[in-house]
Amino acid sequence: MTIFCSHCHRPLQAEMSCLPKKDKQAPSASKPFRSTKSASKARRDQINMELQALRSLLPISAQEKERLSYLHTMALVCLQLRGAQLFPPDSVPPVGPALGAELLSLLPGFLLVLSANGKLVYISENVAQVLGLSVVELLAHGDTVFDILDGQAREDARKKLLLAQEEPGREVMFIGEMRTSKAFRLQHGGNRAVAVHGHFTAPRWPAFPSTAAFLALCTPVAQLPADSDTGSQDDLFQSTHILDMTFTDVTESVAYHLGYRREELIGQSWYSLLHPEDANIAAAQHRAVALGAGAAPRTAVLRLLRRDRTWAWLRVSARREGGGRAIACTSRCLR
């Protein structure tokens, strides 16, 4: 059966014979493509039109839209797309829970939703009250929770998110400094320490790792002091240990913070008070102090068990002393 071309009704075989041979290039193929100024302008205009169309769809006020740069527009669009993927329109809760200002004002912090790989999915508007940055300004730092965390807290966050992902529904918590506005840093002397407390949940069924969402409440805590900042003596206690971290001495103020008498702790291992989830962080700090050269202190944010079986968040600064035969710790309570 003969197949005809739909345009000229000639046999397809004849049509194929009109094409250039494999060993010969079409005349136009030998000419390099050169973009003209008018073509470049047309592409830029098309991109601008597309960005303006995307900006018009964002669920923010017209005044906020006017202030958006192209970078901020794309960051917000990506945030909305991730939210739509995890929380489709017909699912519960809806994309970006529409919480009233009155309800948000009752919370001790702001709400945060992350994807399985730590990408930002939702940040409640009251984040500005905690960090001094709006949602748009916060997204300028990056699109993952690790981009808005500072220093060692990033690695701690990765470990805790992996732990929570392995056991959906398990509550995890980590404390770290989050980026803030310049005005906030000038007023408070640095970024803000925030406790992130949450768990993974599956907003859609059947559940897959890629569709899991980490729902968290981010609550500000007392500002983390610098290592050289003595601060108030009421917020800390000091302890001395042999190299395996067995208590050899501790100040009487430990009774106020942890509930133990000094005599109860001497001879006990520091590790017996540690929260299991913080054991790896504490061991890394211990190893760095025990094997490191010099007397530079190493710090970590850890949980220690109180006598009443609750957990105390402490910022522990450890260093070698006594000719390298002992480890001294200064533990400051975070409130």
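Residues numbered from 1 in each chain as written. Predicted model: local features only at pLDDT ≥ 70, side-chain atom pairs only at ≥ 80, totals over all residues. Heavy atoms only, no water.

As recorded in an unreviewed UniProt entry, the protein goes by NPAS4 protein and comes from Anhinga rufa. A UniProt comment under Subcellular location (unreviewed entry) is attached to the protein, and it reads "Nucleus". (UniProt positions renumbered as here; feature names shortened; annotations may be inferred.)

**Looking at the environment of Arg332**
By secondary structure assignment, the location of Arg332 is in strand β11 (residues 326–333). Arg332 sits in the buried class, given a relative accessible area of 10%. With 97 residues separating them along the chain, Arg332 and Asp235 place their C-alpha atoms 5.5 Å apart. (Helix = DSSP H or I, 4+ residues; strand = E, 2+ residues; numbered from the N terminus. Buried < 20%, exposed > 50% of the residue type's maximum accessible area, 1.4 Å probe, protein only.)

**Points about the sheet that holds strand β1 (residues 110–114)**
Sheet architecture is open: 6 strands sit in the order β2-β1-β6-β5-β4-β3, paired in antiparallel fashion. Of all the strands in the sheet, just β2 (120–123) and β3 (149–150) have a single pairing partner and so form its edges. For β3 and strand β4 (residues 172–178), the ladder comprises 2 bridges, and the chain directions are antiparallel. Counted as the bridge partner of Leu149 is Met178 from β4. Sitting on the sheet, helix α9 (residues 153–166) touches β1, β3, β4, β5 (192–201) and β6 (213–220), and the angle it makes with β4 is about 160°. (Pairing = 2+ DSSP bridges. Contact = heavy atoms within 4.5 Å. Axes fitted to C-alpha atoms, helices over the stretch in contact; angles between N-to-C directions.)

**Regarding unusual backbone geometry**
Phi at Met245 is positive, roughly 75°, even though this residue is not glycine. As for its placement among the helices and strands, Met245 is situated in the loop between β7 (236–241) and β8 (247–250). Classification of Met245 by relative accessible area gives buried; the value is 3%. Notably, Arg309 is not glycine yet its phi reads approximately 75°, a positive angle. Inspection of the secondary structure puts Arg309 in the loop between β9 (298–305) and β10 (311–321). According to the relative accessible area criterion, Arg309 is exposed, its value standing at 61%.

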